[in-house]
Amino acid sequence: MQAIQPTVTPLRPVKNSPRVAPRSSSRQRSYPHKTLGAETGVKLAVNMVLSVCATSALIQLWPHYRAVQEKLHEIQAEVNLTQGRVNQSRANFNRYFDPSLAKTVMQEQTNRADPQQRPVILQEPEVPEAEESTPQP
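Conventions adopted
Residues numbered from 1 in each chain as written. Predicted model: local features only at pLDDT ≥ 70, side-chain atom pairs only at ≥ 80, totals over all residues. Heavy atoms only, no water. Helix = DSSP H or I, 4+ residues; strand = E, 2+ residues; numbered from the N terminus. Buried < 20%, exposed > 50% of the residue type's maximum accessible area, 1.4 Å probe, protein only. Areas by Shrake-Rupley, 256 points an atom, 1.4 Å probe, with all protein chains shown as cover. Salt bridge = Lys/Arg side-chain N within 4 Å of Asp/Glu carboxyl O. Phe/Tyr/Trp six-rings, centres within 6.5 Å; stacked < 30°, edge-to-face > 60°. pLDDT = per-residue confidence, 0-100. Expected span 1.5 Å × (residues − 1). Bend = angle between axes of the 7 residues up to and from the residue. Patch = residues over 30% accessible without salt bridge, like charges linked within 9 Å, V, L, I, M, F, W, Y side chains within 5 Å.

Draft legend 1. The overall build of the chain, seen in detail. Secondary structure summary: the chain contains four helices and zero strands in total. Listing every helix and strand of the chain by position from the N terminus yields α-α-α-α. Every one of the 137 residues in the chain was classed for burial, and the buried ones make up 1%. Accessible area for the chain stands at about 14400 Å²; split by element, carbon and sulfur atoms hold 59% of it.

Shown next, in the form of structure tokens:
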């Protein structure tokens, strides 16, 4: 299937220009390290400039970052205080609207007492004045 094909020789020999081809190939082959060095130097310089720019930007943004963090801590403290008040209000709301505690809440908020309850008045015992004024021997 794959037969050997005869080679065809060209009728005219192809002439390469001796000036153009050897000079371009000799330049690339004789100084490849210089082009790589120049390319690496340019890359290094660009990266250094970018690093300096990034560092200066971070230094300028640092005070703003600290201020924002302080505000965030203040806001979180306020949120915690407000959350405590909300929880207290919810507990009071549930207590005020609980049917089983309605009488107790009404007694706390007004001075009225349940008619079926007897008021209890606590008094200190009376000490006669005569005994207080006489010194004991």
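After that view, the rundown keeps rolling.
Draft legend 2. Region of interest: the pattern of salt bridges. Per the stated rule, a full pass over the model turns up two salt bridges. The shortest N-O distance in the salt bridge between glutamate 39 and lysine 43 comes to 3.4 Å. Here the residue glutamate 39 and the residue lysine 43 both occupy positions in helix α2 (residues 32-96), the gap between them amounting to four residues, near one helical turn. We classify glutamate 39 as partly exposed; its relative accessible area is 42%. We note a salt bridge from arginine 95 to glutamate 108, for which the minimum N-O separation is 2.6 Å.

Draft legend 3. Local environment of the packing of aromatic side chains. Evaluated as defined, the whole model comprises two aromatic pairs. Geometrically, the ring pair formed by tryptophan 62 and tyrosine 65 is tilted, given 5.4 Å between the ring centres and 35° between the ring planes. Taken as a pair, tryptophan 62 and tyrosine 65 lie in helix α2 at a separation of three residues, close to a single helical turn.

Draft legend 4. Focus on the confidence of the model for the chain. In the predicted model, the chain carries a mean pLDDT of 82, and the fraction of residues at 70 or more is 76%. Least confident of the elements in the chain is helix α1 (residues 20-30), whose mean pLDDT is 52; most confident is α2, at 95.

Draft legend 5. Region of the structure containing α2. With 65 residues, α2 should reach 96 Å at 1.5 Å per residue; the first-to-last C-alpha distance of 90 Å fits that figure. Maximal helix bending in α2 amounts to about 35°, located at leucine 61; proline proline 63 follows within four positions.

Draft legend 6. Representation of a nonpolar patch on the surface. Taken together, the side chains of Val42, Val46 and Leu50 define a hydrophobic patch exposed on the protein surface, amounting to about 270 Å² of accessible area. Looking at the secondary structure, you find valine 42 in helix α2.

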